[in-house]
Structures are given as structure tokens and as C-alpha cells.
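Next come the chains, spelled out residue by residue.
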Amino acid sequence: MSDGYKYIFGPVPSRRLGRSLGVDLVPAKVCTFDCIYCQAGRTTNKTIERTEYVPTADVIAELSDWLPGGAADYVTFSGNGEPTLHSGIGEIIAWLNANSGVPVVVVTNGSLFRLPDVRDELASADLVVPSLDTANPVTFRRLNRPDPSLDIETVIEGLVTFAKEFAGEIWLEHFIVPGINDTPAELKALAEAGARIGPARVQLNTAVRPPAETTVRPMPYAELCAIAEKYFPGAEVIAAYDGESAGRRGAAPDPAATARSLMSRRPITAEDLARTAGIDIKLAEKTLELLVQSGEAAVEERDGGRFYSKL
Ligand code: SF4
């Protein structure tokens, strides 16, 4: 585990990427969007300014310290905001390519690909996972609540340009929110925009974790499957991660510390903690309940699951 580090976390169980060592390049919560479904809460610094939000050298120092003894399937730039806002992302990817054999993934909202610098800096990643939730300007403002300077057609054009230039793989994610972007016209336009980008994979997601706005509900699994079949043939509905994630470093010595580290990024379930820490589910449940009792965590029942968040 990467307890004690400021910018790297995990490896965390990822529904898409197995054991993923996370790299968080912006503080909570800096983003170009303020999506109503965001599991990291509301955006507090909505911006398109690219700068060194955290010291590039410190991020590289943490990776350099962790990687020799750690085990991860991927190093993933994701976390509490939009990683392409960090002006040092290209330098960090270049360092990873030169110093580790671990594939590099960038999870991004895709909003800055109109910028040649961003496309160049991500060129040597192995996998880029952009999201695109709508092709409709009105829905874009309602769902993604972007920086006012962004418009959806320019975002899509940027993604199309990046896809033409990029030698690695692109997996395109569509996040579906019932009542917002699930009408036939929305889905048809979204599918057409996705076809222009031409990703290797299309993945459908929905709000399985507590969202920024409590009015957002998850799309039921069967309905998401029906949408996939009708509008996005061959698309995957992202299922809950069910792999193992305890790294070569073995079970974390302190499950509570692991829970705090995970909860600082997103709400977690006992299953998330059990997988990440390599501990029994009963111990994970007990650890989280103790954190609730001590006032360090809050628990929320949602869609049949218990989600724990840092207080
Ligand atoms: S879901 Fe992603 S793009 Fe949307 S506000 Fe959250 S971090 Fe930003």
C-alpha cells in the first residue's frame, strides 16, 4: 500500500483496470467540469488553467520510492479532479516510461484535447480513458456543468483529433444519468459522436457511488444493458470489480489507515477495503464501523450498499 504518500494512492480495486496505483495531480477539487454525478463531490475550483497544481518533482519522488517494491497492473492518473490540468503530466508520463514497465493510463474528462500541448503530453500513455456524456450543448451545461469557456462541439473535435494522432488505446466512457441524458435523441447523438472518435472500447457507467448531487440516481443494470444493445452495440456495461488487489507488499498492517487513505478520495464499501487491504470482509466491516463510531467516517445506505466517507 501507498499509505503515507501525498500524491499516489492504492493500488485500489478498479472496475476497469484491476490493481491500479493512482496518481492524484490536482487537489480536491480542481476540475474543468462540476458533474452532477461526480463521486469526488462538488468542484471548488472550476478552471481551464493548466499549471503545476502539485510539485512535479514530488510526484516523481513518490513514484520512484513506491515502484521498486510495489505491484500494480497500471499507474493511473485520476483522482479528485481533471489530471490534464496539471502542466507536468507529460514529464511524469515520460519518467514512468523511462523508469518502470508499468503501463500508464490517463482517466480524463477529455475537455482539454483541443490543446496541442495536452495531446502531445499524453501521446506516450498506453491507454487513455476519456468520458463523453452528451453531444447536446444544453445537456452538457446541465450534466457536466463545465467551465463557461468550454463548448461540447469543441470538446468532441478535440477528442476526434486526439484519437487520430494517438498510437495507444482509447476507451470511451459514457456516464448515463436517468432523466438527463437517456432520451433516444440524446443517446443517438452521443453514439454518433462516439463513432467519430472511434475508440477501441465503449463503456457505459452510472452512479453506483454517492454522487455530488443527491438527486442523481443510478440507471438500473437491465436498462443500461438495453441502452448498450440498442445504441452502443459491443459496449461494455462496467460491472463491479471482483478481482483481487492485495499487492506484493501483502496485507496492509493497519486496515484503519488504509480505509482513511481510500476514503480521502471517494466513498468506499467494506468490499473495497477488504480487497485493497487484503483482509477478511468481517474485519473490513468492523474497521469501518469503528471509524464511524469514533467520528472519523460517515456511512450512507444506498442502492443496497453501505458507503463510508471521510468526515
Ligand atoms: S466526474 Fe470527473 S470530470 Fe466530472 S467533476 Fe468529477 S472529476 Fe471532474
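It should be noted that the structure appears before, not after, this text.
Here the structure is a predicted model, which means the values were calculated and not measured.

Reading guide: rules and limits
- Residues numbered from 1 in each chain as written.
- Predicted model: local features only at pLDDT ≥ 70, side-chain atom pairs only at ≥ 80, totals over all residues.
- Core = buried A, V, L, I, M, F, W, Y, C linked by C-beta atoms within 7 Å.
- Buried ≥ 20, exposed ≤ 12 C-beta atoms within 10 Å, placed from the backbone.
- Contact = placed C-beta atoms within 7 Å.
- Axes fitted to C-alpha atoms, helices over the stretch in contact; angles between N-to-C directions.
- Helix = DSSP H or I, 4+ residues; strand = E, 2+ residues; numbered from the N terminus.
- Parallel < 35°, antiparallel > 145°, perpendicular 65-115°, else oblique.
- Left-handed = near helix turned anticlockwise from the far one by under 90°.
- Nonpolar A, V, L, I, M, F, W, Y, C, P; charged D, E, K, R; others polar.
- Pairing = 2+ DSSP bridges.

(A) Summary view of the nonpolar core. Counting residues in hydrophobic clusters, the biggest one holds 83 residues, and the most contacted among them are Y37, V75, V105, A125, V177, L273 and L288. Excluding anything up to four places from it in sequence, A125 contacts I93, V104, V105, V106 and G168.

(B) Main features of the packing of helix 1 (residues 56-66) against helix 2 (residues 89-99). Following both chains from N to C, one finds helix 1 and helix 2 inclined at 25 degrees, their axes separated by 10 Å at the closest point. Between helix 1 and helix 2, the angle is such that the two are roughly parallel. Handedness of the helix 1/helix 2 crossing: right-handed. Where helix 1 approaches helix 2, its residues T56, V59, I60 and L63 are matched on the opposing element by E91, I92, W95 and L96. Its residues assigned to classes, the contact of helix 1 with helix 2 comprises 6 nonpolar, 1 polar and 1 charged.

(C) Up close: the pairing of strand 11 (residues 297-302). Judged from the 6 bridges that link them, strand 11 and strand 12 (residues 305-310) form a sheet pairing that is antiparallel. The residue bridging E301 from the neighbouring strand is R306, located in strand 12.

(D) Quick look at the environment of L172. Mapping L172 onto the fold places it in strand 8 (residues 169-175). L172 sits in the buried class, given 24 other C-beta atoms within 10 Å. Expressed as a C-alpha distance, the spacing of L172 and L204, which sit 32 residues apart in the sequence, is 8.6 Å. Ignoring any residue separated from it by four or fewer positions in sequence, one finds L172 in contact with P130, L132, G194, I197, P199 and V202.

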